[in-house]
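Coordinate inspection notes
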Amino acid sequence: MAAGGDTMAQVHSGMDSSNKTLLKSEALYKYVLDTSVLPHEPECMRELRLVTDKHEWGFMQSSPDEAQLLRMLIKLTGARNTLEVGVFTGYSLLATALALPDDGKVIAVDVDREYYEIGRPFIEKAGVAHKVDFREGPALDHLDAILADEANVGAFDFAFVDADKPNYVKYHEQLLRLVRVGGTIVYDNTLWAGTVALPPETPLNDLDRRFSAAIKELNVRLSADDRVEVCQLAIADGVTICRRLK
């Protein structure tokens, strides 16, 4: 709790790719990483992850076990056309591009190209830049523009969302039109460092209070949405997988 006793420090402060987990045991998380995750992390991804860890907003990047999950889901579902809402330096984007077949595509949207430029050299070095279509600007606007072309309705196999949490509910409605029936939508940060389960009177700072409330609204809506089948996982900061049913 901060001086004055009225707010907590930002709940993700002090996190990087080595400890971004909801597991109570850091030793157990290290075991998971060392045993089944890091030995299989492509070198280009490792290099980008370590560079991003040094960034002041490095806690925003996906954890290596989450990136491994994304790669596995893309391969299991045979996804070819994908969307990514929220890119940051591109660690999860690189994971996606590596998992896609050579003729696969990912449209990646972020409001800030500067962060993406940090990761672009690693994407190019990995030989997957031809799969990436980066678009700068508000995701709601870009998704609307994609939807304006009827050929894009139901044309995507997979989507990953790791962007501004208050707009997750709006992204969900757009993505349900873009992702085909049987396709997959994955939402990041759906447990928000465990704050979603804290008592309402818990003294959070303004950002955490707003984002936690937005995530709780999303979780309730997803659970009640008969258009999707939902699986919520306690990986990284919480990951929710949705399979579109109709």
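Described below are features of the structure shown in this document. (Residues numbered from 1 in each chain as written. Predicted model: local features only at pLDDT ≥ 70, side-chain atom pairs only at ≥ 80, totals over all residues. Heavy atoms only, no water.)

**Structural notes on the layout of surface pockets**
Note the following rule: Here the term cavity refers to a set of points on a 1 Å grid, laid over the protein atoms alone, in which a 1.4 Å probe fits but cannot get out; the term pocket refers to an open set having protein on both sides within 12 Å along at least five of seven lines, with lining residues being those that place an atom within 4 Å of a point. Grid points are joined across faces, edges and corners, and a volume is the space filled by probe spheres set on the points. Labels follow the DSSP assignment, with helices taken as runs of H or I lasting at least four residues and strands as runs of E lasting at least two, numbered in each case from the N terminus. Residues are grouped as follows: Ala, Val, Leu, Ile, Met, Phe, Trp, Tyr, Cys and Pro are nonpolar; Asp, Glu, Lys and Arg are charged; every other residue, Gly included, is polar.
For the largest pocket, the calculated volume is near 760 Å³. Considering the residues around the largest pocket, the lining is formed by 37 residues, among which Met60, Asp162, Ala163, Asp164 and Lys165 are closest to the centre. Looking at the lining of the largest pocket, the elements that each hand over two or more residues are strand 1 (81-85), helix 4 (91-99), strand 2 (105-110), helix 6 (139-147) and helix 8 (206-224). Class assignment of the residues belonging to the lining of the largest pocket gives a composition of 18 nonpolar, 11 polar and 8 charged. In this structure, the second largest pocket occupies an estimated 160 Å³ of space. Surrounding the second largest pocket, Thr195, Leu198, Pro199, Pro200, Thr202, Pro203, Leu204, Arg209, Ser212, Ala213 and Lys216 form its lining. Looking at the lining of the second largest pocket, its residues break down into 6 nonpolar, 3 polar and 2 charged.

**Description of unusual backbone geometry**
The phi torsion at Asn189 lies on the positive side, around 65 degrees, for a residue other than glycine. Assignment of secondary structure puts Asn189 in the loop between strand 5 (179-188) and helix 8.

**As for the packing of helix 3 (residues 64-77) against helix 4**
Inclusion rule: Fitted lines through C-alpha atoms give the axes, limited to the stretch in contact for helices. The angle between two N-to-C directions lies from 0 to 180 degrees. Angle categories are assigned with fixed cut-offs, so that under 35 degrees is roughly parallel, over 145 is roughly antiparallel, 65 to 115 is roughly perpendicular, and the rest are oblique. Should the near helix be turned counterclockwise from the far one by less than a right angle, the crossing is left-handed, whereas a clockwise turn marks it as right-handed. Note on contacts: a residue pair qualifies if any of its non-hydrogen atoms lie within 4.5 Å across the two residues.
Direction vectors running N to C along helix 3 and helix 4 enclose 30 degrees, while the axes themselves pass 9 Å from each other. Between helix 3 and helix 4, the angle is such that the two are roughly parallel. Considering the relative orientation of helix 3 and helix 4, their crossing is right-handed. Counted together, Pro64, Ala67, Leu70, Arg71, Ile74 and Lys75 of helix 3 and Tyr91, Ser92, Ala95, Thr96 and Ala99 of helix 4 form the full contact between these two elements. Residues of the contact of helix 3 with helix 4, tallied by class, amount to 7 nonpolar, 2 polar and 2 charged.

**Topic: the packing of aromatic side chains**
The cut-off we apply is this: Any two of the Phe, Tyr and Trp rings considered here, Trp counted by its six-membered ring, make a pair once their centres fall within 6.5 Å; the pair's planes then place it as stacked at under 30 degrees, edge-to-face at over 60, or tilted in between.
Counted by the stated rule, this structure contains 5 aromatic pairs. Ring centres of Phe88 and Tyr115 lie 5.2 Å apart, and the angle between their planes is 70 degrees; on these two criteria the pair is classed as edge-to-face. Taken as a pair, Phe88 in the loop between strand 1 and helix 4 and Tyr115 in helix 5 (residues 113-125) lie far apart in primary sequence, 27 residues in all.

**Side note on the state of the cysteines**
Our working definition: Cysteine sulfur atoms that come within 2.5 Å of each other are treated as a disulfide pair. Each residue gets one of three labels from its accessible area relative to the maximum for its type: buried under 20%, exposed over 50%, partly exposed in between, using a 1.4 Å probe on protein chains only.
For the structure on display, the rule yields 0 disulfides. Cys231 carries a free sulfur, and the closest cysteine sulfur to it, the one in Cys242, is 9.6 Å from it. Classification of Cys231 by relative accessible area gives partly exposed; the value is 37%.

**Some words on the nonpolar core**
Put simply, the rule is: The set of buried Ala, Val, Leu, Ile, Met, Phe, Trp, Tyr and Cys residues whose side-chain atoms join them within 4.5 Å is what this entry labels a nonpolar core.
If you look at the biggest cluster of nonpolar residues, it comprises 30 residues, and the most contacted ones within it are Leu93, Leu94, Phe158 and Val186. Tallying contributions element by element places helix 4 first for this core, with 6 residues. Leaving out residues up to four positions away in the same chain, Val186 has contacts with Leu70, Leu73, Phe158, Ala159, Phe160, Val161, Val239, Thr240 and Ile241. Formed by 26 residues, the second largest nonpolar core is a distinct cluster that contains Leu175, Ile185, Tyr187 and Ile215.

**Concerning the packing of helix 2 (residues 43-53) against helix 4**
Contact geometry for helix 2 and helix 4: axes closest at 10 Å, N-to-C directions at 170 degrees. Considering their axes alone, helix 2 and helix 4 lie roughly antiparallel with respect to each other. Counted together, Cys44, Met45, Leu48 and Arg49 of helix 2 and Tyr91, Leu94, Ala95 and Leu98 of helix 4 form the full contact between these two elements. Here the residues of the contact of helix 2 with helix 4 are counted per class, giving 7 nonpolar, no polar and 1 charged.

**Details of the sheet that holds strand 2**
Formally: Should DSSP find at least two bridges between two strands, the strands are regarded as paired.
Pairing is mixed in the open sheet, where 7 strands are placed in the order 3-2-1-4-5-7-6. On the outer flanks of this sheet lie strand 3 (132-136) and strand 6 (228-233), each paired with one strand and no other. The average angle at which neighbouring strand axes cross in this sheet is 15 degrees, direction not considered. Pairing of strand 6 with strand 7 (residues 239-244) involves 6 bridges; the strand directions are antiparallel. Pairing of Cys231 across the sheet is with Ile241, part of strand 7.

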